[in-house]
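This is what each chain is made of:
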Amino acid sequence: MSRSADLLAGSPKVERSDFPIFYPMQTRWMDNDIYGHVNNVTYYSYFDSAINRFLIEKGGLNIHASDVVGFVVSSNCQFRKPLAYPDAISVGLRVAKIGHSSVTYETGIFRDSETEASAYGQVVHVFVSREHNTATRIPESIHQALEQIVVHHFD
């Protein structure tokens with residue numbers, strides 16, 4: 001399959017315009033695998049970095065001292081086009097669903113020069129009491145930040 005081949009032929013395109021917020025990132029030499037492209041597990045670290053940056057910057061999460069932490073309980077990724085070092089990328093972020101203690105994020109990874117996603121993923125966080133290790137309500141400051149990036153689903 002060629003580098004530009006759509007790996008999910010027939011599935012809807014995920015476009016840059018589908019996301020309200022982006023975080024720039026740089027692929028690293030160590031991200032590449034033996035096949036010469038970014039290894040699949042690395043995409044999840046891009047998702048995680050964008051989500052946590054959002055929670056820290058927009059939601060006021062203090063990763064060292066907050067009473068709550070977000071645990072990833074589910075994640076998936078659809079790979080559409082391979083990335084490789086030294087691609088400059090942006091990770092788009094939006095919220096598909098907010099519950100009392102959980103949130104479903106949707107992410108898109110884009111080469112900076114492209115409008116169609118190279119990968120699309122979903123991540124579910126459950127917010128947990130740091131002290132008791134049990135599910136707890138999403139803190140108000142985080143909830144308000146999440147509400148700012150809720151959008152209707154792609155379908």
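Here the structure is a predicted model, which is why all the values come from computation and not from measurement. (Residues numbered from 1 in each chain as written. Predicted model: local features only at pLDDT ≥ 70, side-chain atom pairs only at ≥ 80, totals over all residues. Heavy atoms only, no water.)

A. Representation of the environment of Pro-20 within the structure. Inspection of the secondary structure puts Pro-20 in the segment before strand S1 (21-26). Its relative accessible area of 44% is what places Pro-20 among the partly exposed residues. Considered as a pair, Pro-20 and Asp-33 are 13 residues apart in the sequence and their alpha carbons are 31 Å apart. Excluding residues within four positions of it along the chain, Pro-20 makes contact with Leu-93, Arg-94 and Ile-149. (Helix = DSSP H or I, 4+ residues; strand = E, 2+ residues; numbered from the N terminus. Buried < 20%, exposed > 50% of the residue type's maximum accessible area, 1.4 Å probe, protein only. Contact = heavy atoms within 4.5 Å.)

B. Main features of the packing of aromatic side chains. This model, assessed by the stated rule, comprises seven aromatic pairs. Between Tyr-43 and Phe-79, the ring centres sit 4.9 Å apart and the planes meet at 80 degrees, which makes this aromatic pair edge-to-face. On the criterion of sequence distance, the pair formed by Tyr-43 in helix H1 (residues 40-57) and Phe-79 in strand S2 (residues 68-79) is long-range, its members being 36 residues apart. When the ring centre of Phe-22 is taken as reference, the NZ or CZ atom of Arg-16 above it lies at 5.3 Å. (Phe/Tyr/Trp six-rings, centres within 6.5 Å; stacked < 30°, edge-to-face > 60°. Lys NZ or Arg CZ within 6 Å of the ring centre and 35° of its normal.)

C. Fine view of unusual backbone geometry. In the segment running from Tyr-85 into Pro-86, the intervening peptide bond is cis, with an omega of 10 degrees. Structurally, Pro-86 can be placed in the loop between S2 and strand S3 (88-98). The phi dihedral of Asn-133 is positive, around 60 degrees, even though this residue is not glycine. By the element assignment, Asn-133 lies in the loop between strand S5 (119-129) and helix H2 (140-147).

Function cannot be inferred from these measures alone, as they are strictly geometric.
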